[in-house]
Amino acid sequence: MKKKLLLLLLALVMMLLPGGCAGKSGQITVVLDWLPNTNHTGLYVAQEMGFFADEGLDVQIIKPGKNTAPQLVARGKAQFGVSYQEEVTFARDKGVPVISVAAVIQHNTSCFAAPVSKNIKSPADFAGKTYGGWGGMVEEPMLDYLLDKAGATQKVTVVNIGASDFFNACRAGIDFSWIYYGWTGIEAELRQEALDVIWLRELEAVFDYYTPVLIAEEGWLKDNGETAEKFLAAVTRGYQYAAERPNEAAEILLKHEPGLDRDLVIESQRWLASRYQDEAEYWGRQELAVWRDYAAWLTENGLLGPGFAAEKAFTNEYLAGTEGRGEREEKESTK
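Values in this document were obtained by computation on a predicted structure and should not be read as measured data. (Residues numbered from 1 in each chain as written. Predicted model: local features only at pLDDT ≥ 70, side-chain atom pairs only at ≥ 80, totals over all residues. Heavy atoms only, no water.)

(A) Layout of the sheet that holds strand S5 (residues 110–115). As summarised here, the arrangement of the five strands in space is S7-S6-S8-S5-S9, forming an open sheet in which the pairing is mixed. Two strands close off the open sheet at either side, each with one partner strand: strand S7 (157–160) and strand S9 (195–199). Neighbour-to-neighbour, the strand axes of the sheet open up by a mean angle of 35°, direction not taken into account. Pairing analysis gives four bridges linking S5 to strand S8 (residues 176–180), with the strands arranged antiparallel. Looking across to S8, one finds that Ala113 is bridged to Ser177. (Pairing = 2+ DSSP bridges. Helix = DSSP H or I, 4+ residues; strand = E, 2+ residues; numbered from the N terminus. Axes fitted to C-alpha atoms, helices over the stretch in contact; angles between N-to-C directions.)

Next up, the structure:
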């Protein structure tokens, strides 16, 4: 009898420990990849409109610190995180057990951008110019690849500007940079600063990879499949709302982050509205070919070791209404 009481008390203590029963208790933490912006609106909508509460979840959205989303998710400091395909690929290559569970946007909305005065119309025009980067692993290899393909003989001078403002960096001598058009490009439009834009997805199909994505830790997912489904069901509703009602969604984001530029949030939200799901069968869906082909390009260019298992880097299983979910439930019912 005493042994049973001790076990019961131990179980109660474990349930009360912070993070000790994450997911099962309905307590969920989501860490962003960057400061809040319209890539994240669906999360804030799900929180504000009670979609998480409808699923019995208490969700906290936190901003990133010194550690990346994959690091925090892998350590159990957050159950979900916002990341991007190349970051997940490199993390998994190093043995970090994170997996992408949804594509926030179906197509790559990033591009190389330069003030029109710089006359940068194609990758060939990168030669001899100064590029402002954030220090990512793939930036310089990407530039070298595009210059070689264009037959350019001059290289690019790379300056790490980190999180510095794109417009200030250009005034300080940067010729071009890699931006997300849905934010910085829209800001340029509002400022009436004309840009020349080179879309990555138009350079080669392989560069139309998923960015951003939602991630979780593999072990946690296996043990908390139902919670993951509930979370993603609420998030799906959030992004569907943002797609269908961008003005209202923008107001929700501004309510949670009043320091953001109001006009920028509204126009960015309108621009992204049709791009969250685009032509995909349902929001969040990911294709194996996208993961496989980009990993192959990284391997061919010496950035990734051979044998990367692209099929294990992502899953559609926890998205409501997918074939993967039914398949997982069938497996679990036979345990």
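On we go.
(B) Inspection of the packing of aromatic side chains at higher detail. A full pass over the atoms with the stated rule returns 22 aromatic pairs. Between Tyr145 and Phe207, the ring centres sit 6.1 Å apart and the planes meet at 85°, which makes this aromatic pair edge-to-face. Taken together, the residues Tyr145 in helix H6 (residues 139–150) and Phe207 in the loop between helix H9 (200–203) and strand S10 (213–217) connect sequence positions 62 residues apart. Judged by its relative accessible area of 0%, Phe207 falls in the buried class. When the ring of Phe207 is compared with that of Trp297, the centres are 5.2 Å apart and the planes differ by 85°; the resulting orientation is edge-to-face. (Phe/Tyr/Trp six-rings, centres within 6.5 Å; stacked < 30°, edge-to-face > 60°. Buried < 20%, exposed > 50% of the residue type's maximum accessible area, 1.4 Å probe, protein only.)

(C) Just helix H8 (residues 181–191), in detail. Of the residues making up H8, those classed as buried are Tyr181, Gly182, Thr184, Gly185, Ile186, Glu187 and Ala188. In this structure, the buried residues of H8 make contact with S5, helix H7 (166–171), S8, S9 and helix H13 (262–272). Note on H8: the residue one or two positions beyond its end, Gln192, has a positive phi of about 60°. (Contact = heavy atoms within 4.5 Å.)

(D) Region of interest: the pairing of strand S1 (residues 27–31). By the criterion of burial, S1 is predominantly enclosed, with four of the five residues buried. Examined bridge by bridge, S1 and strand S2 (residues 58–62) share five bridges and lie parallel to one another. The partner of Ile28 across the bridge, within S2, is Val59. Taken together, the two bridges between S1 and strand S3 (residues 80–83) define a ladder with parallel strand orientation. Across the sheet, Val31 pairs through a bridge with Gly81, a residue of S3.

(E) Geometry of the sheet that holds S10. Ordered by their spatial adjacency, five strands build an open sheet running S2-S1-S3-S10-S4, and the pairing between neighbours is mixed. Edge positions in the open sheet fall to S2 and strand S4 (98–103), since each of these has one partner strand only. Each strand of the sheet is rotated relative to its neighbour by a mean of 30°, with strand direction disregarded. Across the face of the sheet, helix H2 (residues 41–48) comes into contact with S1, S2 and S3 while running at roughly 145° to S2.

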